[in-house]
Amino acid sequence: MGKFRNRLSASLGCGVAFAASLTPAVGQQSPIPQPPIQQTTAQTTAATQTPLQQSTAQSTVVLQTPSQQLIAQQALQNPARQVGPPTIVQSAGTGSDLIVTLDYLSSLRHDNNLRLTDPSLGSTTWWENELALNILKQANDSTLAIDLSGLYRIANEPIIGTESSFSDPSAQLAYQRTRLNSSLDLLLDYTERDLAFNRSLTDTNLDGIIDSADVLGTAGDQINTLANLSWAVGLNAPVGFQFDYSHRERRYKDTFDPSLIENRSDIFDSALLFQISPVLQGNLSVGYEDFTAEDNVRTETQTTTVSAGGAYNLSSTTFVSLDAGYSQVDDTQRATNTSNTTESFVWNFTWNKALSDGNADVRINQTFGVNGTRLNATAGRNYQLTNGTLNFDIGFTRGPFDEITPIGQLNYSYRLLSSRIGATIQRRVGTSTDSLETRQTLAFLTYDYFINPVSALSFSVDVLDQQTEGSGPSNPRTRGTISASYSRAITKDWAMNIGYQYERDDQNNFTASSSTAFLTLGRRFTLKP
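## Remarks on the environment of T299
Move 1: When you line up the elements, T299 lands in strand β10 (residues 299-313).
Move 2: Note: C-alpha distance between T299 and S339 (40 residues apart in sequence) is 9.7 Å.
Move 3: Setting aside residues no more than four positions away along its own chain, T299 makes contact with F291, T292, A293, D331, T332, R334 and S435.
Move 4: At 2.8 Å, the side chain of T299 and the side chain of D295 are in polar contact.

## Side note on the environment of S277
Move 1: Of note, S277 is situated in strand β8 (residues 263-277).
Move 2: The sequence separation of S277 and Y312 amounts to 35 residues, and the corresponding C-alpha distance is 9.4 Å.

## So, the packing of aromatic side chains
Move 1: Inspection of every chain in the model, using the stated rule, returns seven aromatic pairs.
Move 2: Considering the side-chain rings of Y104 and W494, the 6.3 Å spacing of their centres and the 90° angle between planes classify their relative orientation as edge-to-face. Remark: W494 occurs in the loop between β20 (477-489) and β21 (495-507) and Y104 occurs in strand β1 (residues 98-111); sequence separation between them is 390 residues.
Move 3: Y104 sits in the partly exposed class, given a relative accessible area of 23%.
Move 4: Measuring from centroid to centroid gives 4.9 Å for Y152 and F166, while their planes differ by 55°, and the two rings are tilted. With Y152 in strand β3 (residues 142-157) and F166 in strand β4 (residues 161-178), this pair connects stretches of sequence that are 14 residues apart.

## Focus on the pairing of strand β18 (residues 437-452)
Move 1: Inspection of the sheet shows strand β17 (residues 419-431) paired to β18 by 13 bridges, in the antiparallel sense. Residue pairing for β18: R427 is matched across the bridge by T441.
Move 2: Here β17 hands over to β18 after five residues, with S435 in that stretch at a positive phi of 65°.
Move 3: Pairing geometry for β18 and strand β19 (residues 455-468), over 14 bridges, is antiparallel. Note on β19: the bridge partner recorded for L445 is V461.
Move 4: Joining the antiparallel neighbours β18 and β19 is a turn of two residues.

## What to know about a nonpolar patch on the surface
Move 1: On the surface, L108, W127, I154, I490, I498, L519 and L521 cluster together to form a nonpolar patch covering roughly 590 Å² of accessible area.
Move 2: Mapped onto the elements of the fold, L108 is located in strand β1.
Move 3: Exposure remark for L108: the relative accessible area of 47% places this residue in the partly exposed category.

Procedures and definitions
Along each chain, numbering runs from 1 in the same order as the chain's sequence is written. Local features in this predicted model are restricted to residues whose pLDDT is 70 or higher, and side-chain atom pairs enter the listing and the counts only when it is 80 or higher, whereas totals over whole chains, interfaces and linings include all residues. Hydrogens and water are ignored here; the side-chain numbers use all heavy atoms of the structure. We count a stretch as a helix when DSSP gives it H or I for four or more residues in a row; a strand needs E for two or more, and each element gets its number in order from the N terminus. Contacts between residues were defined by any pair of non-hydrogen atoms, one from each residue, lying within 4.5 Å. Between N or O atoms, a polar contact is any pair within 3.5 Å; within protein, one atom must be a potential hydrogen donor and the other a potential acceptor, and residues adjacent in sequence are included only when both atoms are from side chains. The criterion for an aromatic pair is that two Phe, Tyr or Trp rings (for Trp, the six-membered ring) have centres within 6.5 Å, with stacked assigned to planes under 30 degrees apart, edge-to-face to planes over 60 apart and tilted to the rest. With a 1.4 Å probe rolled over the protein chains alone, any residue whose accessible area is under 20% of its type maximum counts as buried; one over 50% counts as exposed, and the rest are partly exposed. When DSSP finds at least two bridges between two strands, those strands are taken to pair. Only residues whose relative accessible area exceeds 30% and that form no salt bridge are eligible for patches; like-charged ones are grouped when within 9 Å, while nonpolar side chains (Val, Leu, Ile, Met, Phe, Trp, Tyr) are grouped when within 5 Å. Here the open area of atoms and residues is found with the Shrake-Rupley method and a 1.4 Å probe, where only the protein chains shown may cover a residue. Should a side-chain nitrogen of Lys or Arg be within 4 Å of a carboxyl oxygen of Asp or Glu, the pair is scored as a salt bridge.

Below, the structure is given as structure tokens:
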């Protein structure tokens, strides 16, 4: 969960060294916690490649200076650029390597309708200077990463005039340790962002939660706090234990938009894992979630789920897993001091088969939330192609109001010697932070052309659409962006990016658009080694 910045970045529009996973999440609804042994099996199967495929992917590697990689960081957050093997691979180091870098970005931007009003209030010009300190410490069995950043902005806006401020502070600590029989993962993240100047759609739902603020906010500061802890012992023992904790909080300041709802959640999951035989694993799981939202009725929801299940390897290439349990939801509306308790069965079934060019899977599950029961069913296929990757899931979901909606996801990447195409398209339905069943469609399309080792062209189209399901108004809202840019290494130490972005906002018969031109200079200073 959560937004995890990719510090090891590549050229503008290239892939990164980690594949994004936008798995269908169901907001406040609580599926059965999945034991790590089942997840590991699926991920390993999906990542299998033949030597020929690996060799072909490596032939498209593009070498860059650290400053070029810095300039590309924002573009690399686009999920469509994270599909498939990396186009650029950086050495992660071994032993007790310590890498410390200081990034500097200076951007000049001009927008003819920054706050997406109709009609436009006028044009805005602003200059940003950002500093980011990145520390990466690696040992034989652990990795520690610390990222600190912030910027100084001078902006001339209509009506407001010229103002300057320090803005968008961010701090992140990530620690990972893996040993023979145990593992520990810790992530702490604090981020502020000014929604007028920073509302990229690529940040949408990276925490797995459907939030109308991802498409509505155009003013004020959004403050996100995230903490994840995962600890497991007995990974190779007959009996193991795993504990997971996740804290997520979203707050706002200097905004009067009633649709921006502050919310927070604390999720606790624990599981006993049993290695019954070499081909059979079992688990007993308990999960608890405490969710609070400052909406009109001041929602407070506690969800408790207890389940048991197992995974069985039918053969060396095929496994099935089944988990079943019971979930109880206690929903309280603090504004009226009313509460309601509901209960239902929940279950999850997975079938996965490894093939010579990827894998196939079927997933069926029933979840339960504040609005009732939801049934999801999908079938998918993952292909590792000679020059790319194709994987998709397609199916349907039946919600608590008996509405049936097609759902699915498509991830595609295709690489040539000097260019790359990427696409991520997702449709899902779940309970949003304002307790409404919401249908959401995301689409990210990218094309990148590497002119030569020092310059590249990049194009992207991003679209987010949300609609409310059920008997009430659908309240449709859509936001889309189209961007084009050119990046180049000016010298050995400096790189630049110049481009244009068009943004369109459409909600409740209200339409607004803006055009932005920008020029960015950047340099990455390597302080150690």
